[in-house]
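Each chain, letter by letter, is given below.
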Amino acid sequence: MSLPQCILEGVQRSLFGLGYLVMFQLLSMYIPTEFLLSDEYSILPLWQKLLYAGLWCKVYLYKYLSVFILSEASCIMTGLSYNGKDKNGNNLWDGCCNIYLKKYESATKFSDKIQSFNVNTNRWMAKYIFKRLRFLGNKNISQCTTLFYLAWWHGIFSGYFMNFSLEFFIMKFEKDVSTFIENNTFLCSIVNHPLVLPVKWMFCKLWLYIFLGYPLSAFVMLTYSRWLKFYSSIYFIGHVIFCGWFVLATGVDVIRNCGKQSPIHDKKDS
């Protein structure tokens, strides 16, 4: 007698989860969180600090991946995650999926990482918080409020609020840069050229690898004294880039809007 399909699917998913759990247990011994706060780390060159922080982030997130996948596997085995059939008539077992593993591992943008990680929480926040703030008429305010609630949901440690605040600035930076390139025909033709695409992919992967751990460090370190020491050791480079961009972009928008309104005022004065 053959085993039910849900058992086979669940076992397969469990193996993925156990694989990530083993990698976390083994690799976290060589690059623990405390290393980022050590004197040994503080004397390293900046580029090495950023690479180590990126590696620490990748390893640390394996813990969350293993938990998500193992939880999903148990739901598959009990049949709770059955989600109908696909267009080819195959059973779908993604009803309780909380991590889009392929999208997560192949991501080259922060938005792809976020959308593929902790999926059910993201959906809940989008449906019950973000979309219900439409009356504010401003997506930035709605997003800030949603992220503030998400931080408060995790707890009252300052690291949670720093993490989700940085997420807002990082997403703003990524969206603005992507929009600028897409709206510029010349730049768009360059970055999408077949010879440039491999370089673009490597750059985006490296950028994501380095700065994904920047906000996460505050989330993990929790207290002000700990995450401040870490950010000081890397000269607040993420704050300078992402928060600096937000200030610059906001200033440009204000000047641009003032420029558009000035002719109207001139006509009224005349």
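Just above, that's the structure.
The structure reproduced in this document is the subject of the present report. (Residues numbered from 1 in each chain as written. Predicted model: local features only at pLDDT ≥ 70, side-chain atom pairs only at ≥ 80, totals over all residues. Heavy atoms only, no water.)

## What to know about the nonpolar core
Ranked by size, the top nonpolar core spans 55 residues in total, and within it Trp56, Ile99, Leu216, Phe230 and Tyr231 carry the most contacts. In terms of residues, this core owes the most to one element, helix α3 (residues 46-78), which gives 11 residues. Every residue in contact with Leu216, bar those within four places of it in the chain, is listed here: Trp56, Cys57, Tyr60, Leu61 and Asn163. (Core = buried A, V, L, I, M, F, W, Y, C linked by side-chain atoms within 4.5 Å. Buried < 20%, exposed > 50% of the residue type's maximum accessible area, 1.4 Å probe, protein only. Helix = DSSP H or I, 4+ residues; strand = E, 2+ residues; numbered from the N terminus. Contact = heavy atoms within 4.5 Å.)

## Considering the environment of Pro215
For Pro215, the location among the structural elements is in helix α11 (residues 213-221). Those residues in contact with Pro215, other than ones at most four positions away along the chain, are Asn163, Leu166, Ile170 and Tyr231.

## Re helix α12 (residues 224-233)
Every buried residue of α12 is listed here: Trp227, Phe230, Tyr231 and Ser233. Buried residues along α12 cover an arc of 160 degrees about the axis, so they all sit on one side. Every exposed residue of α12 that faces more than 90 degrees away from the buried side is listed here: Tyr224 and Ser225. Positive phi shows up at Tyr235, right after α12, with a value of about 60 degrees. (Arc of directions from axis to C-beta.)

## Overview of the layout of surface pockets
Empty space within the second largest pocket amounts to approximately 320 Å³. Lining of the second largest pocket is provided by Lys172, Asp176, Val177, Thr179, Phe180, Trp245, Leu248, Ala249, Val252, Asp253 and Arg256. Secondary structure elements with two or more residues in the lining of the second largest pocket: α8 (158-183) and α13 (237-269). Looking at the lining of the second largest pocket, its residues break down into six nonpolar, one polar and four charged. (1 Å grid on protein atoms, 1.4 Å probe; cavity = no way out; pocket = protein on both sides within 12 Å on 5 of 7 lines; lining within 4 Å. Points joined across faces, edges and corners; volume = space filled by probe spheres on them. Nonpolar A, V, L, I, M, F, W, Y, C, P; charged D, E, K, R; others polar.)

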